[in-house]
Amino acid sequence: MLARKDIIDWGARLFGAPARSRLRCGHLLVEFSRGENEVCLASKRLSDEEADAALDRDEPVSWTSWAVCTGAKGVKVLPGLPDLPVLARQDSPFRLLPGEETRVYLRIPVSVKVCLGERDDELLAEFPSETMPRVWFGEAPAAEECYQLGASASRALFTDFEGSEVQAPVLIRNESREVLEVTQICLRVARLSLYRLGSTLWTNETIARYQGGMNPSRLSIKSGPPLEAPSAKLLAPPRETGPETIVGRTFRSFRRWAEWR
């Protein structure tokens, strides 16, 4: 039986493994089957009832998507971050005075990325574990499409994590001369790596320096695992590479800044 909180077996599969195996990640079920000189993949979105119940490994399911790769002896299964920025809207907004800083944490659903076992950079398929609504952050023509997270950012560590989620730490520094009221946080995840400590997934730390007014924030990504999990091991590289420091709107759009003023 597949238990609700099974530890997800990330890594290599089908190298001498059974001809058919399954992996469950949140509301996603992925099946791997091996034929002669080929690997077949299929996925199914689980309902809330199916996700909460045990699922027999031999129970037939109606697959919603599939892919076939020939000439492969095995695959590597890795977690991935969303392909768009994520937006956390705060149920309980908080304020930072000029010069203050605070640390917050975002919980982000991961996707299941299936790569060729011999070449991690060759992606065969990617299956999101959860369906998140798409929203716009900012105003045209510079508005960004994001996924809206189901939970607000927390100023304390999350303790009720599932294996299908990653915890992303963000250090917020108010480097302006005005009070920063945090009602939402837009996190750009494309350059974040994924680390594992036990059964828990982490990203590296993002430092968001608020500059005040309509100025975009200065964003820096620290290398290596976060200070909360210094011995965590690198599991998956970032989706994109680029400079460690960028600028981007993180807390306020033009309209929200005007309303606040």
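Residues numbered from 1 in each chain as written. Predicted model: local features only at pLDDT ≥ 70, side-chain atom pairs only at ≥ 80, totals over all residues. Heavy atoms only, no water.

A. Examining the pairing of strand S9 (residues 111-116) more closely. Counting buried residues in S9 gives 6 out of 6 residues, a clear majority hidden from the surface. When strand S6 (residues 75-80) meets S9, the two strands line up antiparallel, connected through 6 bridges. Considered in S9, the bridge of Val-75 is made with Leu-116. (Buried < 20%, exposed > 50% of the residue type's maximum accessible area, 1.4 Å probe, protein only. Helix = DSSP H or I, 4+ residues; strand = E, 2+ residues; numbered from the N terminus. Pairing = 2+ DSSP bridges.)

B. Structural detail: the side chain of Arg-103. With respect to the element layout, Arg-103 can be found in strand S8 (residues 101-109). Taking the relative accessible area as the measure of exposure, Arg-103 reaches 16% and is therefore buried. Side chain to side chain, Arg-103 and Glu-205 meet in a polar contact 2.6 Å long. With near-sequence residues (within four places) excluded, Arg-103 lies in contact with Ser-154, Arg-155, Pro-169, Val-170, Leu-171, Glu-205, Pro-226, Leu-227 and Glu-228. (Polar contact = N/O pair within 3.5 Å; in protein donor to acceptor, adjacent residues only side chain to side chain. Contact = heavy atoms within 4.5 Å.)

C. Seen up close, the confidence of the model for the chain. Taken over all residues, the pLDDT of the chain has a mean of 84, while the share at 70 or more is 80%. Below pLDDT 50 for its whole length, residues 1-5 participates in 16 contacts with residues either more than four positions away or in separate chains. Taken together, the stretch residues 254-261 has pLDDT below 50 and engages in 16 contacts with residues farther than four places along the chain or on a different chain. (pLDDT = per-residue confidence, 0-100.)

D. Layout of the packing of aromatic side chains. Scanning the entire structure with this criterion turns up 1 aromatic pair. Ring centres of Tyr-210 and Phe-251 lie 6.1 Å apart, and the angle between their planes is 80°; this geometry places the pair in the edge-to-face category. Of this pair, Tyr-210 sits in strand S17 (residues 206-210) while Phe-251 sits in the loop between strand S20 (245-248) and helix H2 (254-260), and the two are 41 residues apart along the sequence. Summarising the burial analysis for this pair, Tyr-210 and Phe-251 share the class buried. Over the face of the ring belonging to Phe-158 we find Arg-107, whose NZ or CZ atom lies 4.8 Å from the ring centre. A cation sits over an aromatic face here: Arg-155 above Phe-94, 4.4 Å from the ring centre. (Phe/Tyr/Trp six-rings, centres within 6.5 Å; stacked < 30°, edge-to-face > 60°. Lys NZ or Arg CZ within 6 Å of the ring centre and 35° of its normal.)

E. Fine view of the nonpolar core. Among the nonpolar cores identified, the biggest contains 49 residues, and Trp-10, Leu-106, Ile-108, Val-112, Ile-172 and Leu-187 are the most heavily contacted of them. What Trp-10 contacts, discounting residues up to four positions off in sequence, is Cys-25, Val-77, Leu-78, Pro-79, Val-110, Ser-111, Val-112, Gly-163, Arg-196, Leu-201 and Leu-235. Within the second largest apolar cluster, 7 residues are counted, among which are Tyr-105, Phe-161, Trp-202 and Ala-229. (Core = buried A, V, L, I, M, F, W, Y, C linked by side-chain atoms within 4.5 Å.)

F. Quick look at the sheet that holds strand S12 (residues 144-148). With respect to topology, 4 strands assemble into an open sheet ordered S11-S12-S7-S14, the strand pairing being mixed. Edge positions in the open sheet fall to strand S11 (134-137) and strand S14 (180-187), since each of these has one partner strand only. This sheet shows a mean twist of 50° between the axes of neighbouring strands, independent of strand direction. (Axes fitted to C-alpha atoms, helices over the stretch in contact; angles between N-to-C directions.)

G. Spotlight on the pattern of salt bridges. One pass over the structure, following the stated rule, counts 11 salt bridges. Asp-160 is the salt-bridge partner of Arg-107, the closest N and O atoms lying 2.9 Å from each other. A residue pair is termed long-range when its members are at least 10 positions apart, and Arg-107 in strand S8 and Asp-160 in the loop between S12 and strand S13 (165-174) qualify at 53 residues. For Arg-107, the salt bridge goes to Glu-165, with nearest N and O atoms at 2.7 Å. With Arg-107 in strand S8 and Glu-165 in strand S13, this residue pair connects regions lying 58 residues apart in the sequence. Arg-107 gets classed as buried once you look at its relative accessible area, which sits at 14%. Where salt bridges share partners, they join Arg-103, Glu-205 and Glu-228 into one cluster. (Salt bridge = Lys/Arg side-chain N within 4 Å of Asp/Glu carboxyl O.)

H. Representation of the environment of Met-132. Tracing the sequence through the fold places Met-132 in the loop between strand S10 (119-128) and S11. Between the C-alpha atom of Met-132 and that of Cys-146, which follows or precedes it by 14 residues, the distance is 9.4 Å. If near-sequence neighbours (up to four positions away) are discounted, Met-132 is found in contact with Pro-82, Pro-109, Tyr-147, Gln-148 and Leu-149.

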